[in-house]
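So you can see what is in the structure, the chains are spelled out below.
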Amino acid sequence: WKEMQIETVGELLYACKENRLKLYKGFGEKTQQNVIASIEFYFAHKGSHLYATILPISNKIHSLLIELFKESKVAIAGNVARQLEIVHQLEYIIDTTIDTIEKRIHHLDFLQIKKTSTTQIELNTTEGLTVVIYGAPSNHFIPTLIQKTSSDEFWSALDQIKSTEISYVDEESFFEGKKIPFIPPYLREDPLIIEKIKTKGTIDTITNQDIKGIIHCHSNWSDGANTIEEIARKTQSMGLEYLVISDHSKAAFYAQGLSEEKILAQHQYIDTLNDQLYPFKIFKSIECDILSDGNLDYNDAVLSQFDLVIASVHSNLKMSEEKAMTRLLKAIENPFTTILGHLTGRLLLSRPGYPVDHKKIIDACAANHVAIELNAHPIRLDMDWRHIAYALEKNVIISINPDAHELSGLQDTQYGVLVAQKAMVARSQNLSSFTLTEFEDYLQKIKLIKKIKM
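Residues numbered from 1 in each chain as written. Predicted model: local features only at pLDDT ≥ 70, side-chain atom pairs only at ≥ 80, totals over all residues. Heavy atoms only, no water.

Asker: Could you give an account of the overall build of the protein, naming the residues involved and the relevant values?
Answerer: Scanning the protein for helices and strands turns up 17 helices and 14 strands. The C-alpha radius of gyration of the protein comes to 24 Å, within 12% of the 22 Å expected for a compact globule of 454 residues. Structurally, the protein occupies a C-alpha span of about 70 × 55 × 45 Å along its principal axes. Here the protein, with 454 residues, has 55% of them falling under the buried criterion. Contacts in the protein between residues at least 24 apart in sequence constitute 69% of all its contacts with a sequence separation of at least 6. Of the roughly 20,400 Å² of accessible surface on the protein, a fraction of 52% belongs to carbon and sulfur atoms. (Helix = DSSP H or I, 4+ residues; strand = E, 2+ residues; numbered from the N terminus. Rg over C-alpha atoms; globule rule 2.2 N^0.38 Å. Buried < 20%, exposed > 50% of the residue type's maximum accessible area, 1.4 Å probe, protein only. Contact = heavy atoms within 4.5 Å. Areas by Shrake-Rupley, 256 points an atom, 1.4 Å probe, with all protein chains shown as cover.)

Asker: Before we move on, could you go through the sheet that holds strand β5 (residues 111–116) and cite the residues and values that matter?
Answerer: The strands making up a sheet associate through backbone hydrogen bonding, with each pair oriented either parallel or antiparallel. A sheet is described by the order of its strands in space; here five strands give the open sequence β2-β4-β7-β6-β5, paired in mixed fashion. Edge strands, defined here as strands with exactly one partner in the open sheet, are β2 (74–77) and β5. Across the sheet, the mean angle from the axis of one strand to that of its neighbour is 25 degrees, orientation sign disregarded. Sheet contacts for helix α3 (residues 51–68): β2, β4 (90–94) and β7 (130–135); angle to β4, the most-contacted strand, approximately 20 degrees. (Pairing = 2+ DSSP bridges. Axes fitted to C-alpha atoms, helices over the stretch in contact; angles between N-to-C directions.)

Asker: Describe in detail the pairing of β7, supporting the description with residues and values.
Answerer: Most of β7 sits out of view: six of its six residues are buried. In β7, alternate side chains face the same way, and those of Thr 130, Val 132 and Tyr 134 on one face and Val 131, Ile 133 and Gly 135 on the other are all buried. With five bridges joining them, β4 and β7 adopt parallel strand pairing. By the bridge assignment, Ile 94 is partnered in β7 with Gly 135. The sheet contact formed by strand β6 (residues 120–125) and β7 spans five bridges and is antiparallel. Residue Glu 122 lies in a different strand from β7, and its bridge partner there is Val 132. The loop that links β6 with its antiparallel partner β7 comprises four residues; one of these, Gly 128, has a positive phi angle of about 90 degrees.

Asker: So, the sheet that holds strand β13 (residues 371–375): which residues are in play, and what are the values?
Answerer: Spatial strand order, β8-β9-β10-β11-β12-β13-β14: seven strands in an open sheet with parallel pairing. Whereas interior strands pair on both sides, the edge strands pair on one side only; in this sheet they are β8 (213–217) and β14 (398–401). The strands touched by helix α16 (residues 413–422) within the sheet are β8, β13 and β14, with β14 carrying the most contacts at an inclination of about 145 degrees.

Listed below in structure tokens is the structure:
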């Protein structure tokens, strides 16, 4: 509790996911896994769920409903369809009557009917998860689907626009009838998007296929579970071009942060691996702690040895906005800061994060040529997508990073992509979408600009 600065159950879960608990005397891998299992069971009964946790369950129920209603259309709705980071219930739409739905699902042991109405049926799973199924006969299926995959504000604005169509084949035809380019569910939040899409005409948002490298990854040199070679070869096998190893800095003693001597040894090791893995490349980086006074964890001589520096806050998280802003702005102004890591330090459903003025932070990053991380770890998803639009307006580069501590964590980039889609981030606006050549050119350009400013 003292050394790891853990004050909530969610923070303990995150520490376990980063392999930190087993670093302490008396705690091994088995104990750490037992703690994870217990906490996840606890969270499952609280009614709010992380998108990444609930998605496999949502897909499983969806497949089951498709099998049960072979002659009907079945669609996922609600927060899952909108790719929101927190999900409170699973929602589905079937183009049939509620009576038919009730008869078909009555025999399912894991679903218990809670209440029904003429338009929907609410159920609970044996694990306590709420499932809502809407009945919508064929002529109402598409409008109901659009409504149930939109925020109330978005649907209200959309519904007021007259349509030239009465019946709809699919979602695209619904928007065609209103003379609006198709708006996917992940953008059905703010009604202002309707006019924006009308003006823009097309939506060019990032996809998983646009990711070209892994930025922000921890190895067993600090608190990661795997060797740098294992991570590099896994990244290669994913068809990616480069890897940025960013182990913790020395202030993060609880995570076996790297001393200056260990940094030198790691860089020599990376050089050897790069000779073996060419043309794949491993970049030398560090997730450098932003200290309480805003300084970074190493002096300039050490920081200059890295290809790039990710600056993050990990300690003394209970700050006023004034303190947080002073601390972050000083770190952003450091000429060696390349990326600002997990902007608010939040842990979804567990820790709200320290208060910041997002616009001032973004303005500072723009002025100092600092990219902002979109930490793709499902518990973080920080910075929040609601603030990314302003960053893009200011031409600040976003960096979708998995913050992986084991090989499976490399896949977390997908959750960052889902969040980035909600903010309409394009491939060219995300650092980890740069090809190896583009990434190297970007780092050289940024270093040159910062050197001139120094």
